[in-house]
Amino acid sequence: MNTSTDANGYGIIQSISASGSAWGNSIINPNGGNVGIGTTQPDKTLTANGVIHTTEVLVDQFVPAPDYVFDKDYDLTSLKDVKSYIDQNHHLPEILSAAQVAKEGINLGEMNAKLLKKIEELTLYLIQQKEDSEIKFTNQQIQIDE
């Protein structure tokens with residue numbers, strides 16, 4: 001392992017293999033700020049250029065959990081409107097498009113909340129469909145009995 005500083009005074013920790021080749025860099029700003037692993041240009045508090053292997057990730061959630069979807073006054077978009085949106089935009093409402101993800105990345109906390117909202121809405125659609133089917137079946141039975 002080699003340690004040094006760059007022209008900006010950032011500490012560089014470089015891993016060296018037994019054969020002498022560099023494996024990667026860790027950059028530490030002595031004045032605080034961003035830390036980089038495998039990069040010399042960390043643009044966030046922690047920037048890693050490569051796969052992060054961990055057993056757990058905890059994301060503090062600043063976006064409210066979407067349980068409001070189950071409130072009686074929640075305005076559930078009709079499936080007809082959802083289909084129209086998908087036909088026009090090729091992705092779900094409120095979910096990033098593939099192009100946006102490629103350009104901007106994904107905020108995991110926000111995306112998890114949005115996906116949970118979509119799952120909860122899907123549950124409501126299924127409940128509606130079941131109720132509609134039961135009403136239709138009951139109406140058919142009434143017509144047969146008459």
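What counts, and where the lines are drawn
Residues numbered from 1 in each chain as written. Predicted model: local features only at pLDDT ≥ 70, side-chain atom pairs only at ≥ 80, totals over all residues. Heavy atoms only, no water. Helix = DSSP H or I, 4+ residues; strand = E, 2+ residues; numbered from the N terminus. Buried < 20%, exposed > 50% of the residue type's maximum accessible area, 1.4 Å probe, protein only. Contact = heavy atoms within 4.5 Å. Areas by Shrake-Rupley, 256 points an atom, 1.4 Å probe, with all protein chains shown as cover. Core = buried A, V, L, I, M, F, W, Y, C linked by side-chain atoms within 4.5 Å. Polar contact = N/O pair within 3.5 Å; in protein donor to acceptor, adjacent residues only side chain to side chain. Phe/Tyr/Trp six-rings, centres within 6.5 Å; stacked < 30°, edge-to-face > 60°. Salt bridge = Lys/Arg side-chain N within 4 Å of Asp/Glu carboxyl O. Patch = residues over 30% accessible without salt bridge, like charges linked within 9 Å, V, L, I, M, F, W, Y side chains within 5 Å.

**Side note on the overall build of the protein**
Okay, so step 1: Of regular secondary structure, the protein possesses 3 helices and 5 strands.
Okay, so step 2: Going from N to C terminus, the protein has its helices and strands arranged as β-β-β-β-β-α-α-α.
Okay, so step 3: Burial analysis of the protein (146 residues in total) assigns 17% to the buried set.
Okay, so step 4: Counting contacts in the protein only where the partners sit at least 6 residues apart, residues at least 24 apart contribute 26% of the total.
Okay, so step 5: Here the protein has roughly 11600 Å² of accessible surface; of this, 54% comes from carbon and sulfur atoms.

**Here's the deal with the nonpolar core**
Okay, so step 1: Grouped together as the largest cluster of nonpolar side chains are 5 residues: Val69, Leu76, Val82, Leu124 and Tyr125.
Okay, so step 2: Other than its neighbours up to four places away in sequence, Val82 contacts Thr77, Leu92, Pro93 and Tyr125.

**Some details on the side chain of His91**
Okay, so step 1: If you trace the backbone, His91 turns up in the loop between helix 1 (79-89) and helix 2 (98-104).
Okay, so step 2: Separated by 2.8 Å, the side chain of His91 and the backbone oxygen of Ile95 make a polar contact.
Okay, so step 3: Ignoring anything within four residues of it in the chain, the contact list for His91 reads Tyr85, Ile86, Leu96 and Ser97.

**Some words on the packing of aromatic side chains**
Okay, so step 1: Going through the model one piece at a time under the given rule, you end up with 1 aromatic pair.
Okay, so step 2: On the basis of an interplanar angle of 55° and a centroid distance of 6.0 Å, the ring pair of Tyr68 and Tyr74 is categorised as tilted.

**A look at the pattern of salt bridges**
Okay, so step 1: Under the definition given, this model contains 4 salt bridges.
Okay, so step 2: For Lys118, the salt bridge goes to Glu94, with nearest N and O atoms at 3.4 Å. A residue pair is termed long-range when its members are at least 10 positions apart, and Lys118 in helix 3 (residues 108-145) and Glu94 in the loop between helix 1 and helix 2 qualify at 24 residues.
Okay, so step 3: Residue Lys118 is classed as buried on the basis of its relative accessible area of 15%.
Okay, so step 4: On the basis of relative accessible area, Glu94 is assigned to the partly exposed category, the value being 44%.
Okay, so step 5: For the salt bridge of Glu121 with Lys118, the shortest nitrogen-to-oxygen distance reads 3.3 Å. Placement of the pair is Glu121 and Lys118 together in helix 3, with a separation of 3 residues, close to one helical turn. Take Glu121 and Lys118: they sit in the same class, and that class is buried.
Okay, so step 6: Salt bridges sharing common partners tie together Glu94, Lys117, Lys118 and Glu121.

**Considerations on a nonpolar patch on the surface**
Okay, so step 1: Taken together, the side chains of Val57, Val59, Ile106 and Leu108 make up a nonpolar region of the molecular surface, amounting to roughly 360 Å² of accessible area.
Okay, so step 2: Tracing the backbone shows Val57 in the loop between strand 5 (46-48) and helix 1.

**Considering the side chain of Lys117**
Okay, so step 1: Residue placement: Lys117 occurs in helix 3.
Okay, so step 2: Beyond its immediate stretch of four places on either side in the chain, Lys117 contacts Pro66, Tyr68, Val69, Tyr74 and Glu94.

**Description of unusual backbone geometry**
Among all residues except glycine, the phi angle is most often negative; among peptide bonds, the trans geometry is most common.
Okay, so step 1: Positive phi, normally seen in glycine, also occurs at His90, with a value near 65°.
Okay, so step 2: Counting through the fold element by element, His90 comes out in the loop between helix 1 and helix 2.
Okay, so step 3: Non-glycine residue Glu94 carries a positive phi angle of around 70°.

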